[in-house]
Amino acid sequence: MTTLAPVTVDAVMLEARAASLGKRSIKNEAKRVGIDLAIRCIDLTTLEGKDSEGRVRSLCAKAVSPRPGWPSIPSVAAVCVYPNLVAVAKDALRGSSVRVASVATAFPSGLSALEVKLADTAAAIAAGADEIDMVIDRGAFLSGDERKVFDEIVAVKALCGPVHLKVILETGELGTYDNIRRASDLALEAGADVIKTSTGKVGTNATPPTALVMCEALRDFARRTGERRGLKVAGGVRTTKQALAYLVIVKETLGDAWLNPDLFRIGASSLLDDLLMQVEKLELGHYAGADYIPKD
Amino acid sequence: MTTFEYAPAPESVRPRIRERYGLFIDGQWCAPQDGRYFETINPANEAPIAQVAYGSAADVDRAVRAARKAYDKHWRKMKPADRAKYIYRIARAITERGRELAVLETMDGGKPIKESRDFDIPTAAAHFFYYAGWADKLEWAMRAGRTPHALGVCGQIVPWNFPLLMAAWKIAPALACGNTVVLKPAETTPLTALALAQIVQEADLPPGVVNVVTGDGATGAALVGHDDVEKIAFTGSTEVGKGIARALAGTRKRLTLELGGKAAHIVFADAPLDQAIEGVVNGIYFNQGHVCCAGSRLLVEERVHDEVVARLTERIATLRLGDPMDKNTDIGAINSRAQLEKIEELVRSGVAEGAALVQQPCELPGRGFFFPASFFTNVHQSHRIAREEIFGPVLSILTFRTPDEAVEKANNTPYGLSAGVWTEKGSKNMWVAQHLRAGVVWCNTFNQFDPSSPFGGYRESGFGREGGVHGLYEYLRA
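Rules behind the numbers
Every chain is numbered on its own, with residues counted from 1 as its sequence reads. Here chains are named by letter from A upward and ligands by number from 1 upward, in the order in which they appear as written. Residue-level local features of this predicted model are given only where pLDDT is at least 70; pairs of side-chain atoms are given and counted only at 80 or more, and the full residue set underlies all totals for whole chains, interfaces and linings. For side-chain calculations, the full set of non-hydrogen atoms in the structure is used, while hydrogens and water are omitted. By the criteria applied, helices consist of DSSP H or I runs no shorter than four residues and strands consist of E runs no shorter than two, each listed in order from the N terminus. Radius of gyration means the value over C-alpha atoms here, while the globule rule gives 2.2 Å times the residue count to the 0.38 power. Only protein chains enter the area calculation, which uses a 1.4 Å probe; residues under 20% of their type maximum are buried, those over 50% are exposed, and those in between are partly exposed. Whether two residues are in contact is decided by their heavy atoms, any of which lying within 4.5 Å being enough. The Shrake-Rupley method, run with a 1.4 Å probe, gives the accessible areas here. Residue values count only the displayed protein chains as cover. By the counting scheme adopted, Arg and Lys are positive, Glu and Asp are negative, and His together with the chain ends is not counted. Charge placement uses NZ in Lys and CZ in Arg. For Asp and Glu, CG and CD serve respectively. The source of the domain bounds is an automatic or database domain assignment. Take a side-chain nitrogen of Lys or Arg and a carboxyl oxygen of Asp or Glu: if they are within 4 Å of each other, that pair is a salt bridge. Pairs of N or O atoms are called polar contacts if they sit within 3.5 Å, as long as, within protein, a hydrogen donor faces a hydrogen acceptor (for residues adjacent in sequence, only side-chain-to-side-chain pairs). Computed with a 1.4 Å rolling probe, the buried area is the accessible surface lost when two parts are put together, summed over both parts. Should DSSP find at least two bridges between two strands, the strands are taken to pair. Between the N-to-C directions of two axes lies an angle of 0 to 180 degrees, each axis being a line fitted to C-alpha atoms and, for a helix, fitted only over the stretch in contact.

Caption draft 1: Main features of the overall build of chain A. Check the secondary structure of chain A and you find 11 helices and 8 strands. Against the compact-globule benchmark of 19 Å for 296 residues, chain A has a radius of gyration of 18 Å, which places it among compact chains. Its C-alpha atoms put chain A at 55 × 45 × 35 Å along the principal axes. Here chain A holds 296 residues, and the buried ones make up 57% of them. A separation threshold of at least 6 residues defines the contact pool for chain A, and within that pool the share at least 24 residues apart is 76%. Carbon and sulfur atoms form 53% of the exposed surface of chain A, whose accessible area is close to 11,000 Å². Charge separation in chain A, taken as the distance between the mean sites of 37 positive and 37 negative side-chain charges, equals 4 Å.

Okay, structure coming up:
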């Protein structure tokens, strides 16, 4: 368990700072570079009860080659699926640079026994997952049992070994920025490779101030230990404008060193379509229309 | 892989600017009596923008007489609800022409476009909206049984740091209370006041209710000395303010002064440090530090001094200094060569007195007046940079050990305009705020303004309040 003292956050000023970063004007060349970067950082996600092999194969095809005929458009970072579909994704992505991420640990609630969570994680890794997106036990955190939260992350990380571990804080359920900061610090101290905002399954997902406070935790962690860990924003990021705003927050809080898929991810499903539309607008000077973008 | 850098994002609106501006007197544009004009330049590139009339004492006299006539013939007799209608019209016109006014403000004064666009112009409009609402409700501002009366002609002299906003702070309550005005804008930033005169003309106010006489200190002195002016409202330097107070002593004229400051910005060890740093940055680097209520003296609890300095050093490295017209610029141009020289002189004195200077690493543009975001550590109360107003992007950092000491150091200044306090402990925040002698104390925030909130100073920061219901009292007699 960490001995780190809780860090407090002033909500009013945090939100003001996030809003002011949101006013950066990203045009022309900056926008083009930002869009490419955003695409490279996407975890293209499908997390629905009705997900099937066919659905996942379609998504994987799009992840590798988002815009057929436009070879300059990069592949996304990863495809994110439920554990049962990891093997399908792994097969579909063979030979590409796209990694397979799996949610695990009784996603999205995290309210199962530790043994079940570990078994869930082990199954995903056995099926070939390169990355694990685990959830923290928010009930334990909010009731003050930080040790339980911490120890579970440590246990999952031990099981993961070299497999990349993203720890989902589910910030929309934590209630205050103080809590988000505390959960970020706990996760990083416990060994998270990446801290991630949300499951996408609750009302409030990633927001700019949430990303900002998590960036501050990452920056302070790097200052303390010399080690860079990553950020993933997820849930509700649908537009190019939103994606660019997150890049700005990362750039101005953590620096350019974080602007790559090793240290920054955006978990999204429909965002890619909007990014592709904006690329076409920049390249062709007009909007081609949604039907010119492959929807999968 | 190409790095994600912001491309230039210049504001594209081109405002209408005349080659030459006359004086706005009695609803008309007219030439100055002795035919003199001066140039106003863009401090970001030193290029001339326009010729502006130099108002002499004779011009001031014409303007005051027009204002008196308008007061007697129209404005004092008008139904208050009708006065409100005109003021609302001005407010709407400012909003409608917001982008154009923002560009003009930035061209003439050097402040970043994001500040003129998001702060100066909307807040100026908000003041007109707010006071328009008061015009027919003045009885409710008074104690029961008292009847509000206007004063007459008000002479208003505004500074160059927030040209249009300061004009709004002065004109809006004066008009709402039934006074007429003669406005003297600052010499280096007359253009938005002249644009406001155009708006007044287009809003069809009775001629003479608002007059704008451009010029320099001599023009202002003529306005202060004019016999038919009932009230002078001045915002500017303490030195000039003292001169005005001396000139008006023993006369019937009323006076409000909003002068300089050397605000203490107190950061306790239990503060939310990341947000406190943002507050500190906003407090001193907003508008290049050309802010009378700037948090220019940072008082840090000694145990977090090193951490605050480290974080602030990192943070100022991310500030973007350059073309004020670029939407991503954080630090624009210093308003004038004279002001730049004053800042440079005080910074040299700080170095000579033994304080340690830290500046943002950046290249300054080859033309125009620029100064990097800077702060001094190892500053002591006896240093000039701890006592004198620098009015630039230069912060002095001092330390304290206890709340008592913080308050003592904070109050140990001839000024008293504003202060800021950062701590997560509410009771400490309130205790410190109660003991600070400053017109406004911001708790866990800084530079918050609203038309409904009064603003003004203690001691050498001036007297009288602007904004809110308090702002009405300065333009009324019971």
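Caption draft 2: Fine view of the domain arrangement of chain B. All names here are of chain B. Domains assigned within chain B are domain 1 (20-259 + 458-477) and domain 2 (264-443). A straight line from the C-alpha centre of domain 1 to that of domain 2 covers 30 Å. Every contact between the two is made by 30 residues of domain 1 and, on the other side, 34 residues of domain 2. Where domain 1 packs against domain 2, one counts 2 salt bridges. Here domain 1 is connected to domain 2 by 19 residue pairs in polar contact (both at pLDDT 80 or more). Of all the elements in the fold, those that place two or more residues in the side of domain 1 that touches domain 2 are α3 (98-109) and α4 (113-134).

Caption draft 3: Region of interest: the interface of chain B and chain A. Taken together, the contact between chain B and chain A spans 30 residues of the former and 28 residues of the latter. Here chain B and chain A share an interface that buries about 2,500 Å² over both sides, 50% of which is from carbon and sulfur atoms. Three residues, B:F4, B:Y6 and B:Q275, lead the burial of chain B against chain A; their summed loss comes to 29% of the area buried on that side. Where chain B packs against chain A, one counts 8 salt bridges. Taken together, chain B and chain A are joined by 11 residue pairs in polar contact (both at pLDDT 80 or more). Contributing elements (two or more residues each) for the side of chain B that touches chain A: α4, α9 (273-285) and α10 (305-316) of chain B.

Caption draft 4: View of the side chain of B:T40. With respect to the helices and strands, the residue B:T40 is situated in strand β4 (residues 37-42). Excluding residues that lie within four positions of it along the chain, B:T40 makes contacts with B:P48, B:I49, B:A50, B:V52, B:D108, B:T188, B:P190 and B:L191.

Caption draft 5: The arrangement of the sheet that holds strand β13 (residues 297-301) of chain B in detail. Residue and element names in this part refer to chain B. If you trace the 7 strands from one edge of the open sheet to the other, you get β14-β15-β16-β13-β12-β17-β18, paired in mixed fashion. This sheet does not close on itself; its edge strands, each paired only once, are β14 (356-359) and β18 (440-443). Averaged over all pairs of adjacent strands, the angle between strand axes in this sheet comes to 20°, irrespective of strand direction. In this structure, β14 lies alongside strand β15 (residues 374-377), joined through 4 bridges in antiparallel fashion. From the neighbouring strand, L357 faces β15, where its bridge partner is F376. Packing against the sheet, α10 makes contact with β13, β14, β15 and β16 (394-400), and its axis sits at approximately 160° to β15. Sheet strands in contact with helix α14 (residues 426-435) are β12 (264-267), β17 (418-422) and β18, and its direction is about 165° off that of β18.

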